[in-house]
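# Secondary and tertiary structure notes
Listed below are the residues making up each chain.
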Amino acid sequence: MYKDMTLLNTMDRILYESQRQGRISFYMTNYGEEGTQIGSAAGLNPNDLILGQYREAGILLYRGFPIESFMNQCYGNCMDIGKGRQMPVHYGSAEHRFVTISSPLATQMPQASGAAYAYKRAENGLCVVCYFGEGAASEGDAHAAFNFAAVLDCPVIFFCRNNGYAISTPTQDQYRGDGIAIRGPSYGIDTIRVDGNDVFAVYNATKAARQICISQCKPILIEAMTYRIGHHSTSDDSSAYRSIDEVNYWDKENHPISRLRSYMIIQKLWSEDDEKTWMKESRKKILEAFGKAEKQKKPKPTELFYDVYKEMPKHLEKQMNEMKRHATEYKDVYQLNNYEQF
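Keep in mind that what you see is a predicted model, and the values were worked out from it rather than measured.

Moving on: the pairing of strand 4 (residues 156–162). Counting buried residues along strand 4, seven of its seven residues qualify, which places the element largely inside the surrounding structure. Here strand 4 shows no split at all, with V156, F158, C160 and N162 on one side and I157, F159 and R161 on the other all buried. Here strand 3 (residues 128–133) pairs with strand 4 via six bridges, running parallel. Across the sheet, G133 pairs through a bridge with R161, a residue of strand 4. Note that the unit made of strand 3, helix 6 (residues 140–151) and strand 4 has a crossover that is right-handed. Relative to strand 8 (residues 220–225), strand 4 runs parallel, the two sharing six bridges. In the strand pairing of strand 8, N162 is matched with M225.

To continue, consider the nonpolar core. Grouped together as the largest cluster of nonpolar side chains are 59 residues, with contacts concentrated most on M11, Y27, I67, F70, M71 and Y91. Excluding anything up to four places from it in sequence, M71 contacts M11, L15, I286, A289, F290 and A293. The next biggest cluster of nonpolar side chains, apart from the first, holds 27 residues, and it includes A112, A150, V156 and F158.

On to the packing of helix 1 (residues 2–20) against helix 4 (residues 67–75), then. Here helix 1 crosses helix 4 at 25°, and the two axes come no closer than 12 Å. Taken together, the axes of helix 1 and helix 4 are roughly parallel relative to one another. At the point where helix 1 passes helix 4, the crossing takes the right-handed sense. Residue-level contacts link L7, M11 and L15 of helix 1 to I67, F70, M71 and C74 of helix 4. When its residues are assigned to classes, the contact of helix 1 with helix 4 shows seven nonpolar, no polar and no charged.

Backbone geometry places V89, a non-glycine residue, at a positive phi of 70°. Look at V89 and you get buried, because its relative accessible area is 2%. Of note in this structure, D153 is not a glycine but carries a positive phi near 50°. By secondary structure assignment, the location of D153 is in the loop between helix 6 and strand 4. A relative accessible area of 36% means that D153 is categorised as partly exposed.

This part takes up helix 6. With twelve residues, helix 6 should cover 16 Å at 1.5 Å per step; its first-to-last C-alpha distance of 17 Å lies within 8% of that length. Every buried residue belonging to helix 6 is among A142, A145, F146, A149 and A150, and all of these are buried. Buried residues along helix 6 cover an arc of 115° about the axis, so they all sit on one side. Facing away from the buried side of helix 6 by more than 90 degrees, the exposed set consists of G140 and V151. Against the buried residues of helix 6 lie helix 5 (108–122), strand 3, strand 4 and strand 8. D153, located one to two residues past helix 6, shows a positive phi value of around 50°.

Before going further, it helps to spend a moment on the sheet that holds strand 3. Read from one edge to the other, the open sheet built from six strands follows the order 2-1-3-4-8-7, with strand pairing classed as parallel. Taken across any chain shown, the strands that pair with only one partner, and hence form the sheet edges, are strand 2 (98–99) and strand 7 (190–195). Both strand 1 (residues 49–51) and strand 3 contribute to a ladder of three bridges, which runs parallel. The partner of L49 across the bridge, within strand 3, is V128. Against the sheet, helix 5 touches strand 1, strand 3 and strand 4, its axis set at about 170° to strand 3. Lying on the sheet, helix 6 is in contact with strand 3, strand 4 and strand 8; it crosses strand 4 at an angle near 150°.

Structurally, R228 can be placed in the loop between strand 8 and helix 9 (244–252). Overall, the relative accessible area of 1% leaves R228 in the buried class. Once you skip the residues sitting within four places of it in the chain, R228 turns out to touch Y31, E33, R55, N163, Y165, I167, D236, S238, Y241 and R242.

It is worth spelling out helix 5 at this point. Between its first and last C-alpha, helix 5 extends 21 Å over 15 residues, near the 21 Å set by a 1.5 Å rise per residue. Summarising the contacts, the buried residues of helix 5 are in contact with strand 1, strand 3, helix 6 and strand 4. With its phi angle positive at about 50°, E123 sits one or two positions after the end of helix 5.

Rules and cut-offs
- Residues numbered from 1 in each chain as written.
- Predicted model: local features only at pLDDT ≥ 70, side-chain atom pairs only at ≥ 80, totals over all residues.
- Heavy atoms only, no water.
- Buried < 20%, exposed > 50% of the residue type's maximum accessible area, 1.4 Å probe, protein only.
- Helix = DSSP H or I, 4+ residues; strand = E, 2+ residues; numbered from the N terminus.
- Pairing = 2+ DSSP bridges.
- Right-handed = clockwise from strand over helix to strand, strands pointing away.
- Core = buried A, V, L, I, M, F, W, Y, C linked by side-chain atoms within 4.5 Å.
- Contact = heavy atoms within 4.5 Å.
- Axes fitted to C-alpha atoms, helices over the stretch in contact; angles between N-to-C directions.
- Parallel < 35°, antiparallel > 145°, perpendicular 65-115°, else oblique.
- Left-handed = near helix turned anticlockwise from the far one by under 90°.
- Nonpolar A, V, L, I, M, F, W, Y, C, P; charged D, E, K, R; others polar.
- Expected span 1.5 Å × (residues − 1).
- Arc of directions from axis to C-beta.

Pasting the structure below:
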């Protein structure tokens, strides 16, 4: 768990810096929320279906999604399993039971309820886990998802990452109630609030929630109280709406990685030498994957026209051929040498 949390943190730093250097177009870090992700992932069955929001890279990492695949997706290159069609950090993997991220807030929530209802009908012994931020809970889709799941007794865990901010809007400007947990009972959903920066607490809460979810076939709401240390994304400057002292407190005094490291050192499970060796090893691993991804070509432009229909209709085929002729005629303008040949 500790290695995954620190590996995620190191990957964030490298990819964030690469965006600032203009090497990738966009990025969202997970700083400060590593405990919610790795702790909850550890408490689930690896075959449980995950529907995330956009700050859940740690769940994929814990499930074995390769570092190379993270890099390929952020570069949108020809090795990206999404074929370069998504903006960076919009990961997805059928193999790892992780539904591809969608930018619009809360769209995954009613989908999760529907998927859980299908699991209930299938009696497959699995559950669906839906991650969302406290800001997304203000969307109408959240109400529909909670009510649907409660009324139909769907085996779904709604996992709220309450990190203090919906982009630039602090929680005190989002709602007047006591967070998100208070909403669960009003829908008839069993609910627990947990310290999201305590990876063991998150693990135990998620494991217990899953057991109830499966054995009683009912939804559970978890609210993990954490803090988004980084900017919302590379398009955001959080210094415009919060103080450096506030961020420093969470970074220095209440960081999930620091808390776990301190515990491990006290228990003689980890040492400063272990830390230096692992940080060097993990950074090297990520930089190697980063270098390989950067050298790959972009997917061939014709990929734009596939995977919309099972069989490409004539009008799309005509458009694709027109695009080929146009791009070939102006290949220098479109820099076709940077793409796979079509």
